[in-house]
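Architecture at a glance
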Amino acid sequence: MEKASLMVLVVEDDPDLAALEADLLEERGHRVEVAFNGREALAAVERASPDLILLDMKMPVMSGREFADEYRRRQRSPAPIVVVTAADDAQRRAAEVGASGWIAKPFDPDALVDRVTRLLPSAGRS
Amino acid sequence: MARSLIARVTAIAFGVELAFALAIPVAYLHLFNIERREDRALVLAIVGALYLVRTAALIGFLASLLRPIERWLAASHSSSQPAPDLTRRAARAAYDAPLLFPLVWATSWLLFYLPVTASLQGLFADRIPLSARAGEATVLFGFSCFAAALPLSYALLSWLLGPVAGRISLSARERGLALPGRRLSVRARLVALSLSLITAPTVWMGVNAYMSQIWTAQRDLAARAGLLADALEHHLAGSSERTAWVAATRALSTPLDAVAVATTDGEIIANSDAARELAAAPGLRLRLARALSRAPADAVLDPSAQRALAYRAIPAGTGGTFPGAVALVISREPGRDRGGELFTLLFFALVALSWAPICAGFLAGSIAGPLGSIRAVVAQIVESEDADRVGRIPIFHRDELGELAQGVNEMIDRLQASAERIRRYGADREQLLAVAARRAAELDAVLDNMVEGVFACDRSGGLTHTNAAGLRLLDLSPAVAVSRATQEPGTGGVGPLHPDGRPFSPAELPLARALAGEIIVEEDEVLENPSSHRPVFLRSSAAPIRDTAGAIAGAVAVARDVTEVVEFDRLKDQFIRVAAHELKTPVAILKGYSLMLMRSDQTLSIRSRRMLEAIDRGAERINRIVEDLLDISQAFLDALHLSPAPVDLDELARETVAGLRASELHRVVLQREDPGPMTVRADAARTRQVLGNLLSNAIKYSPAGGTIEVVLSVDRAAGEARTSVRDSGVGIPTQKQGGIFRLFYRAHTDTPHDYGGMGVGLYMAKELIKRQGGRIWFESREGEGSIFSFTLPLA
């Protein structure tokens, strides 16, 4: 299977989990930027222009939701967002921020990679 | 006073009698026409002597009659109570003496003048010659005296002894002694008295008229006889011839007067008419013989009833043939005595003016006394509210009045007994009321110190009792104690709500339901605190109050403010929820890295790989616990978000079975009993969770190599689809089956079949199925296996 190299922004306040997500994706050959809150993420999208954003909802300084709103406001063609959350109503929260998908914590590592791969823009894959 | 009863009775009785006793001899002298001073003195002497003897005897008798009374009086004046026997004897004496003694007394008067007359006729006949009718007259005179004495003495003694008898009767009553004594009715007493009152003057008038007629006739006759005797003596003077005597006697004789000459022996020697006349009156002839033998000289014989006889001695010198002859005249025909009649009238007037009023006065007193005491006691009963202070009526005489008094006394006894009963009832009632009041106060104290609010209402729903805690709750919201839909619009504010936020309808309120007969145990309602606008949770119980017949008489509700408990519970659930969420991230890191390590590092030793697998299993186990905790806290917070939608049950079951963590040791078979569509209305994820729970239990408790069947069926009539999971595992012991759906209940705890777990799966399954409108149940036999089934409504 051809592996496209993509830029994925991981927004996650827990450094270990952020590292796990980054490791999993890098293992598959993707490039990963990590931001520990929404504000850092806003800076990161400027710097790295990610193809996909894995977004935690509950974070200090700026929450996932605030980031999503701000990001949409600034970016004319925003990258798809996948919400990674421990909340019971993950699906509803994902819909609220206009995410393309959601992953419930704790996630199956393979499932995370699958989901990311599937959600990546096809243009980037070819 | 003690020693004076006999003296007093004697003095009064015989004092009153003495006045009459002095009048009676005068009547006697008049009756028998005793006129000469010496003769009167003689008669009065005899009468006086007899009177003294008689009176002394009567006083002695009266004293012996009254002695028990006097002893009783003495005993009752000293401190000691008179002995019952003495009381009985005194009562008998007091009642019998006024009956017995007047009889004796009157009888003494009946007999009194018989010896007087007899002695005059016997001893002094020559000096005071009485009429031939003196015996009859004396008997009638005595009878008249008897009739006069009887009412007087009875009235006197009744009047004197009645009050004493009354006192004795009261004392006897207190001792419970029956009253002795002879009973004589008022009717009998009055009849006897009135007969006496009529008899006495009538008999006196009769005998007096009769005697005065006799005396008048006799006085006339004697006068005529004397005149004729003088004339004959004059005729006979100087002539001793028998023929001349006969002629003289014939010449002087009249149709009423027989004139004769007799010898001094009384033999008629001239005029046989006179001899015939004399022969017709043997008494007169006897008297003549006796008179001639004693006083052959000039004399006038007292006349008998019809005839008078006068004689004169003829001087012996004139005739000589019959010296000692007497001129004899026998005269007939009565006349009238005006003076005697006047005396009779005067005497009668005296009696009428003194004796009868005295009798009547004493009699009235003896009747009025008892009546007065009855009236006084009856007035006491009428006026006094307190029957206890009412005295008893003394019984003066054993007659109708006495019985009336006795009846009133018994009536008072009953009145007092019933008053006593009423008083006792009253006292008992007071005591009961005091006990009731104390118990009510205790209950109030208990109720007011309860944390719970207590509300009682009557059948109409109006509050009858509210304790202190209840009043505080009422301040919070008047709606807590409303028992029916009487809340006025506009006053209500926020009414009570169900915990899920629905408002209570009026019929749902605890008191209203209790009034309808329901018993409510620990139901929650939510109010809003009007000042802080924070929710207040009440946990209420209510029950109807039934009367003795079982009908609902009211209702009682107990409400407890459980806001703190509820909030603490909520806090705990939230803590669990937050904690569980926080666990998810470390679990994800553990699982992720262990898996990644196992997969990417091909150089790992078998030992290292086993360690990583153990870490992964442990993390997975933590993950399951976290899931369970989240489910529970969601269920308790009522935050299980179900999104029912049409779901193909068959597909769902297939996915679930396929998604099971593969176990080589068990086989799971899916069977479909209905070929048609199996679309149910359910939350797909939650339904998957339920089926997953049932399957994981079935696998857990089945032996290796066992087959687990999932059977799907449809009951279109009932509008539901059924899913059954059948295993052939260890089964559930019968005694443990009851709690199988309870939270944290684990049927196999501490048995060889304890495979761990929190006891949450079946609880959650039940909660989820219930919330989707389905049912869940099971059949199980120990050692043979179990079948768990649930239904879901068809879409």
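Residues numbered from 1 in each chain as written. Chains lettered and ligands numbered in written order. Predicted model: local features only at pLDDT ≥ 70, side-chain atom pairs only at ≥ 80, totals over all residues.

Before going further, it helps to spend a moment on the overall build of chain B. For chain B, the helix and strand inventory stands at 18 helices and 17 strands. Taking all 795 residues of chain B together, 33% fall into the buried category. Partitioning the contacts of chain B with sequence separation of at least 6, the portion at a separation of at least 24 is 67%. (Helix = DSSP H or I, 4+ residues; strand = E, 2+ residues; numbered from the N terminus. Buried ≥ 20, exposed ≤ 12 C-beta atoms within 10 Å, placed from the backbone. Contact = placed C-beta atoms within 7 Å.)

What chain A contains, in helices and strands, is six helices and five strands. Reading the helices (α) and strands (β) of chain A from amino to carboxyl end gives β-α-β-α-β-α-β-α-β-α-α. Residues classed as buried in chain A amount to 40% of the 126 residues present. Counted over contacts in chain A with a minimum sequence separation of 6, partners at least 24 positions apart contribute 59%.

Next up on the list: the sheet that holds strand β7 (residues 463–466) of chain B. Residue and element names in this part refer to chain B. As summarised here, the arrangement of the five strands in space is β7-β6-β10-β9-β8, forming an open sheet in which the pairing is antiparallel. In this open sheet, the two strands that pair with only one neighbour each are β7 and β8 (520–528). Between one strand axis and the next, the sheet turns through 25° on average, direction left out of account. In terms of strand pairing, strand β9 (residues 535–546) meets strand β10 (residues 552–561) through nine bridges, oriented antiparallel. Note that in β10 the partner of Leu538 across the bridge is Asp561. Across the sheet, helix α12 (residues 468–476) is in contact with β6 (453–458), β7, β8, β9 and β10; its angle to β6 comes to roughly 85°. (Pairing = 2+ DSSP bridges. Axes fitted to C-alpha atoms, helices over the stretch in contact; angles between N-to-C directions.)

Moving on, we get to the interface of chain B and chain A. Contacts between the two partners involve 16 residues from chain B, matched on the other side by 14 residues from chain A. Listing elements by their share of the side of chain B that touches chain A, those giving two or more residues are α14 (563–600) and α15 (606–636) of chain B.

All names here are of chain A. Among the five residues in strand β3 (residues 52–56), five count as buried, and that is most of the element. Both faces of β3 are covered, namely the face carrying Leu52, Leu54 and Asp56 and the face carrying Ile53 and Leu55. Looking at chain direction, strand β1 (residues 7–11) and β3 are connected through four bridges and run parallel. Of the residues in β3, the one forming a bridge with Val11 is Leu55. Here four bridges tie β3 to strand β4 (residues 81–85), and the two strands are oriented parallel to one another. Paired with Leu54 across the strands is Val82, a residue of β4. Running through helix α3 (residues 64–74), the crossover from β3 to the neighbouring parallel element β4 is right-handed. (Right-handed = clockwise from strand over helix to strand, strands pointing away.)

A few words on the sheet that holds β3(A). Residue and element names in this part refer to chain A. Read across the sheet, five strands follow the order β2-β1-β3-β4-β5 without closing on themselves; strand pairing throughout is parallel. At either margin of the open sheet sits one strand with a lone partner, and together these are β2 (31–35) and β5 (101–104). Within the sheet, the average angular offset between the axes of one strand and its neighbour, ignoring direction, is 20°. Against the sheet, helix α1 (residues 15–27) makes contact with β1, β2 and β3, and its axis sits at roughly 170° relative to β2, the strand it touches most. The sheet strands contacting helix α5 (residues 109–119) are β1, β3, β4 and β5, and the helix crosses β5 at an angle near 175°.

Here we come to α14(B). Taking 1.5 Å per residue as the helical rise, α14(B) with its 38 residues ought to reach 56 Å, and the 55 Å between its terminal C-alpha atoms agrees with that figure. Residues of α14(B) that are buried include every one of Ala580(B), Lys584(B), Thr585(B), Val587(B), Ala588(B), Ile589(B), Leu590(B), Lys591(B), Gly592(B), Tyr593(B) and Ser594(B), and no others. For α14(B), the secondary structure elements touched by its buried residues are α1 and α5 of chain A together with α15 of chain B. (Expected span 1.5 Å × (residues − 1).)

Turning our attention to unusual backbone geometry. All names here are of chain A. In this structure, Pro106 follows Lys105 across a cis peptide bond, with omega equal to -10°. Checked against the element boundaries, Pro106 lands in the loop between β5 and α5. Of note, Val61 is a non-glycine position whose phi angle comes to about 65°, a positive value. Among the secondary structure elements, Val61 is positioned in the loop between β3 and α3.

Residues and elements named next belong to chain B. By the bridge criterion, six bridges tie strand β16 (residues 776–781) to strand β17 (residues 785–793) in an arrangement that is antiparallel. Bridge assignment links Glu779 to a residue of β17, and that residue is Ile787. Joining the antiparallel neighbours β16 and β17 is a turn of three residues, in which Gly783 adopts a positive phi near 85°.

So, on to the environment of Gly757(B). For Gly757(B), the location among the structural elements is in the loop between β15 (720–726) and α18 (761–771). Each C-alpha atom of the pair Gly757(B) and Arg746(B) lies 8.2 Å from the other, and the pair is eleven residues apart in sequence.

In this section: helix α6 (residues 242–252) of chain B. Residue and element names in this part refer to chain B. Where α6 is concerned, the buried positions are Trp245, Ala248, Thr249 and Leu252. Projected down its long axis, α6 shows its buried positions confined to an angular sector of 95°, all on one face. Away from its buried face, by an angle of more than 90 degrees, α6 presents the exposed residues Thr243, Arg250 and Ala251. (Arc of directions from axis to C-beta.)

Our next topic: the packing of α14(B) against α15(B). All names here are of chain B. Two elements in contact, α14 and α15, have axes separated by 8 Å at closest approach and are oriented at 155°. Taken together, the axes of α14 and α15 lie roughly antiparallel to each other. Seen along the crossing, α14 lies across α15 with a hand that is left-handed. Residue composition of the contact of α14 with α15, grouped by class: 16 nonpolar, three polar and seven charged. (Parallel < 35°, antiparallel > 145°, perpendicular 65-115°, else oblique. Left-handed = near helix turned anticlockwise from the far one by under 90°. Nonpolar A, V, L, I, M, F, W, Y, C, P; charged D, E, K, R; others polar.)

Before going further, it helps to examine the nonpolar core. All names here are of chain B. Grouped together as the largest cluster of nonpolar side chains are 69 residues, with contacts concentrated most on Ile69, Ala94, Ala149 and Ala165. Broken down by secondary-structure element, the contributors of at least two residues to this core are α1 (4–31), α2 (37–77), α3 (84–122), α4 (134–175), α5 (186–236), α10 (338–383) and α11 (400–448). If you tally residues by element for this core, the top one is α4, at 20 residues. Other than its neighbours up to four places away in sequence, Ile69 contacts Leu5, Ala90, Ala93, Ala94 and Val164. (Core = buried A, V, L, I, M, F, W, Y, C linked by C-beta atoms within 7 Å.)

Here we come to the packing of helix α16 (residues 649–659) of chain B against helix α17 (residues 684–700) of chain B. The description of two packed helices rests on the angle between their axes and on the distance between the axes. All names here are of chain B. Where α16 contacts α17, the two axes come as close as 10 Å, and the packing angle between them is 50°. Overall, the two elements α16 and α17 adopt an arrangement that is oblique. The handedness of the crossing between α16 and α17 comes out as right-handed. Residues Leu652, Ala653, Glu655 and Thr656 of α16 lie in contact with α17, whose contacting residues are Ala684, Thr687, Arg688, Leu691, Gly692 and Leu695. Residues that form the contact of α16 with α17 fall into these classes: five nonpolar, three polar and two charged.

Residues and elements named next belong to chain B. Residue position: Tyr28 is located in helix α1. On the basis of neighbour counts, which here come to 21 C-beta atoms within 10 Å, the residue Tyr28 falls in the buried class. Linking Tyr28 and Ala137, residues 109 residues apart in sequence, is a C-alpha distance of 9.9 Å. The contact partners of Tyr28, leaving out residues within four places of it in the chain, are Tyr113 and Phe141.

Residues and elements named next belong to chain B. On average, residues of chain B score 81 in pLDDT, and 88% of them are at 70 or above. Across chain B, element-level confidence peaks in β17 with a mean pLDDT of 93 and bottoms out in helix α9 (residues 316–319) with 50. Across residues 484–493 the pLDDT falls below 50, and counting only partners more than four positions away or on other chains, this stretch makes ten contacts in the model. In the predicted assembly, ipTM is 0.84 and pTM is 0.47. (pLDDT = per-residue confidence, 0-100.)

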